[in-house]
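Notes for the structure review
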Amino acid sequence: MTELPRGLRPRTPSPPGTPLSLEASARRLGHYCWIEMRAFETLGAWSASVPETEVRAMLAIHSRQHAWHAELWHDLLPVIGEAGAERFIEPPNANVTAFVEALSTPGAPELTIEKLAGVYRVLVPRAVATYEHHLTGASPVSDGPTMRALRLVLADQGQHWREGEATLQSLLRSDADVDRVTSHQARLEKLWVAAGGLAGAS
């Protein structure tokens, strides 16, 4: 089996079949919910501004699916104490917040390739790697509903990855385009590594 590149590997794996505590599981799902909400907001905003018709349509569809994924994670959160489930919906750390801010930075309409590179070459592949890792380590006895949600989300986001990459490739028409994408992607990769990933690794 081919090993994932360093930037795609979650840092603190749990042994397969070892259940997380209720609190730890809730925090992880809360992180997932938070990032999916940010993806929904970012792609939704871009879908109203990018000039390419096919890109607008794709981003709008993917945005709505990210919103549904956030709902899936939210519905799995336990209600503990007066604060309820909402207290778990937060980023793992400030570095993940910085990553999302940088992801959404190319807001100008002419920066379509930077938008697509950030989402489909950094965010989505790493989310997929995180979800796959979680699914591999989950216990069918204690994590059945979470495993079902993971499979549903992975099916969607695997398709997002393929569609987004194909669309990005269709828009790369010069060496300058490649340089722009490479520079933006590298910046986001560094931020993701600094953040320690989506599962809250430190």
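Going by the structure above, here's the rest.
Here's a quick rundown of the structure. Since we're looking at a predicted model, the values are computed, not measured.

1. Some remarks on the packing of helix α2 (residues 53-76) against helix α5 (residues 144-171)
For the pair α2 and α5, the least separation of the axes is 11 Å and the interaxial angle reads 165°. Here α5 runs roughly antiparallel to α2, going by the angle between their axes. Along this stretch, α2 crosses α5, giving a crossing that reads as left-handed. Its residues assigned to classes, the contact of α2 with α5 shows 12 nonpolar, 9 polar and 3 charged.

2. Points about the packing of helix α1 (residues 22-47) against α2
Running from amino to carboxyl end, α1 crosses α2 at an angle of 160°, the nearest separation of the two axes being 8 Å. Viewed along their axes, α1 and α2 adopt a mutual orientation that is roughly antiparallel. Between α1 and α2 lies a crossing of left-handed hand. Contacts from L29, Y32, C33, E36, M37, A39, F40, L43, G44, W46 and S47 of α1 reach α2 at R56, L59, A60, H62, S63, H66, A67, H69, A70, W73, H74 and L76. A per-class count over the contact of α1 with α2 returns 14 nonpolar, 7 polar and 2 charged.

3. Quick look at the nonpolar core
Counting residues in hydrophobic clusters, the biggest one holds 50 residues, and the most contacted among them are I35, L59, W73, L116, Y120 and Y131. Listing elements by their share of this core, those giving two or more residues are α1, α2, α3 (94-103), α4 (112-137), α5 and α6 (175-195). With 12 residues, the top contributor of residues to this core is α4. Apart from the residues within four sequence positions on either side, L116 is in contact with V55, M58, L59, R121, T167, L168 and L171.

Cut-off values and rules
Residues numbered from 1 in each chain as written. Predicted model: local features only at pLDDT ≥ 70, side-chain atom pairs only at ≥ 80, totals over all residues. Heavy atoms only, no water. Axes fitted to C-alpha atoms, helices over the stretch in contact; angles between N-to-C directions. Helix = DSSP H or I, 4+ residues; strand = E, 2+ residues; numbered from the N terminus. Parallel < 35°, antiparallel > 145°, perpendicular 65-115°, else oblique. Left-handed = near helix turned anticlockwise from the far one by under 90°. Nonpolar A, V, L, I, M, F, W, Y, C, P; charged D, E, K, R; others polar. Contact = heavy atoms within 4.5 Å. Core = buried A, V, L, I, M, F, W, Y, C linked by side-chain atoms within 4.5 Å. Buried < 20%, exposed > 50% of the residue type's maximum accessible area, 1.4 Å probe, protein only.

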